[in-house]
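Tertiary structure, described
Below are the chains, spelled out letter by letter.
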Amino acid sequence: MKDTTQLVNTENPEEEELRRKKEELAALEDELADLELEAAALLADTQTFLNTVTSAIALKILERDLLRARLAEARLSYDPGNEEFVAQAETAREEAQQAQQEYDDFSGSPGESRSFEEFDSARRNRTSDEVKTLYRTLVKLAHPDLTTDPEEKERRGRFMQEVNAAYAAGDQDWLEELTSQWHLSPESVEGQGTGADLERTIRQISLVTDRIETIRAEIAKIMDSEDYLMLSEATAKGLENYIADLKATLDAEIVQLNEELVSFSTEE
């Protein structure tokens, strides 16, 4: 009679623990990748929103602040000993200089989102499944907070700067190229041995858990920021309507400042 007992390939305790830890790590990595994607999307949307608004109103802000400075100087010249006018003139000069610097910096910055169409296109690309999947994969592979080695952390940091730039631009081809670069790098090769692998996995779980807590705090901070609250307001109102309202407010200020300057000159 044949022995029908089936041989079962059992794991030793160390192998069983390694399997469980790898499953735990995989679930945590998925959670972290989703959180990193959320944070990157929030930052990218906020920055492209700010760039779009700045491109629409930067010149008007500069014009307004220069008029404020002219008016403050005119008041000061009329009454040089007035301490309040001295302080107002100094503040107005500083604000005008800052507005000029910001306008010059923005005007000379390449690759900024300069229109509603560009803003909308970049955001649509970032929300595609292909781009999101590539970004999540790269986060799980290369995030600098997932290593304790200082040199490796620095290398990963530089790499992730490129990844974030590619994601912000919604550039799928760039993300695919970065994925290929990572898989071809010597650092992506894992070592051998159950014991060593188990220790690495346990340490990796700790790193991923710490990063999850950090990125959750970062997301909360982004969503509570003034810039993101402005984006939320613009989204609810409609970006074009939001910018139109800003322009109208600035135009009204500019008209009023010009009238005050004319009135002040007439009084003199």
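Residues numbered from 1 in each chain as written. Predicted model: local features only at pLDDT ≥ 70, side-chain atom pairs only at ≥ 80, totals over all residues. Heavy atoms only, no water.

1. Looking at the overall build of the protein chain
Tallying secondary structure elements over the protein chain gives nine helices and zero strands in all. A buried classification covers 34% of the 268 residues belonging to the protein chain. The long-range share in the protein chain, meaning contacts at least 24 apart out of those at least 6 apart in sequence, stands at 75%. For the protein chain, the exposed surface amounts to about 16400 Å²; the carbon and sulfur share of it is 50%. (Helix = DSSP H or I, 4+ residues; strand = E, 2+ residues; numbered from the N terminus. Buried < 20%, exposed > 50% of the residue type's maximum accessible area, 1.4 Å probe, protein only. Contact = heavy atoms within 4.5 Å. Areas by Shrake-Rupley, 256 points an atom, 1.4 Å probe, with all protein chains shown as cover.)

2. With respect to the packing of helix α1 (residues 13-78) against helix α4 (residues 129-142)
The interhelical angle for the contact between α1 and α4, taken along N-to-C directions, is 120°, at an axis separation of 9 Å. One finds that α1 runs oblique with respect to α4. Along this stretch, α1 crosses α4, giving a crossing that reads as right-handed. The residues of α4 that touch α1, namely those facing Glu 29, Asp 30, Ala 33, Asp 34, Glu 36, Leu 37 and Ala 40, are Lys 132, Tyr 135, Arg 136, Val 139 and Lys 140. Residues belonging to the contact of α1 with α4 are distributed by class as follows: five nonpolar, no polar and seven charged. (Axes fitted to C-alpha atoms, helices over the stretch in contact; angles between N-to-C directions. Parallel < 35°, antiparallel > 145°, perpendicular 65-115°, else oblique. Left-handed = near helix turned anticlockwise from the far one by under 90°. Nonpolar A, V, L, I, M, F, W, Y, C, P; charged D, E, K, R; others polar.)

3. Thoughts on the packing of α1 against helix α8 (residues 226-237)
Put simply, α1 and α8 touch, their axes get as near as 10 Å, and they point 75° apart. It follows from the interaxial angle that α1 and α8 lie roughly perpendicular. The segment α1 lies against α8, with Leu 42, Asp 45, Thr 46, Phe 49 and Leu 50 engaging Asp 227, Tyr 228, Met 230, Leu 231 and Ala 234.

4. Details of α1
Residue Ile 57 marks the point of greatest curvature in α1, where the axis turns by about 55°. The N-cap of α1, judged by a side-chain oxygen 3.0 Å from the amide nitrogen of Glu 14 a few residues on, is Asn 12. (Bend = angle between axes of the 7 residues up to and from the residue. Polar contact = N/O pair within 3.5 Å; in protein donor to acceptor, adjacent residues only side chain to side chain.)

5. Observations regarding the confidence of the model for the protein chain
Should the pLDDT be low somewhere, the predicted coordinates at that spot are not to be read in detail. In the predicted model, the protein chain carries a mean pLDDT of 85, and the fraction of residues at 70 or more is 87%. Taken as a whole, residues 110-114 scores under 50 in pLDDT and shows 13 contacts with residues more than four places along the chain or in a different chain. (pLDDT = per-residue confidence, 0-100.)

6. Brief notes about a negative patch on the surface
Together, Asp 129, Glu 130, Asp 173 and Glu 176 make up a negatively charged patch on the protein surface. Secondary structure elements with two or more residues in the negative patch: α4 and α6 (172-184). Considering the arrangement of structural elements, one finds Asp 129 in helix α4. (Patch = residues over 30% accessible without salt bridge, like charges linked within 9 Å, V, L, I, M, F, W, Y side chains within 5 Å. Salt bridge = Lys/Arg side-chain N within 4 Å of Asp/Glu carboxyl O. Lys, Arg positive; Asp, Glu negative; His and termini not counted. Charge placed at Lys NZ, Arg CZ, Asp CG, Glu CD.)

7. Re the pattern of salt bridges
A complete count under the given rule lists 29 salt bridges for this structure. Residues Asp 65 and Arg 64 are paired through a salt bridge, measuring 3.0 Å at the closest nitrogen-oxygen approach. In terms of burial, Asp 65 and Arg 64 fall into one category: buried. When the shortest N-O distance is used, the salt bridge between Arg 155 and Glu 152 registers 3.1 Å. Taken as a pair, Arg 155 and Glu 152 lie in helix α5 (residues 150-168) at a separation of three residues, close to a single helical turn. Here Arg 155 and Glu 152 have matching classes, each one buried.

8. Focus: the environment of Lys 132
By secondary structure assignment, the location of Lys 132 is in helix α4. Excluding residues within four positions of it along the chain, Lys 132 makes contact with Leu 37, Arg 126 and Thr 127.

9. Remarks on the environment of Thr 147
Tracing the sequence through the fold places Thr 147 in the loop between α4 and α5. By relative accessible area, which is 13% here, Thr 147 ends up buried. Ignoring anything within four residues of it in the chain, the contact list for Thr 147 reads Glu 152, Lys 153, Arg 156 and Leu 207. Separated by 3.3 Å, the side chain of Thr 147 and the backbone nitrogen of Asp 149 make a polar contact.

10. Side note on the nonpolar core
The biggest cluster of nonpolar side chains holds 24 residues, and the ones touching the most others in it are Phe 49, Val 53 and Val 208. Contributions of two or more residues to this core are made by α1, α7 (194-223), α8 and α9 (239-267). Among the elements that line this core, the one with the most residues is α1, at ten residues. Excluding residues that lie within four positions of it along the chain, Val 53 makes contacts with Leu 239, Tyr 242, Ile 243 and Leu 246. (Core = buried A, V, L, I, M, F, W, Y, C linked by side-chain atoms within 4.5 Å.)

11. Observations concerning the environment of Ala 122
Looking at where Ala 122 falls in the secondary structure, it is placed in helix α3 (residues 116-126). When its relative accessible area of 14% is taken as the criterion, Ala 122 is described as buried. Spatially, the C-alpha atoms of Ala 122 and Tyr 167 are 9.2 Å apart, while their sequence positions differ by 45 residues. The contacts of Ala 122, once residues within four sequence positions are left out, are Ala 168 and Gly 170.

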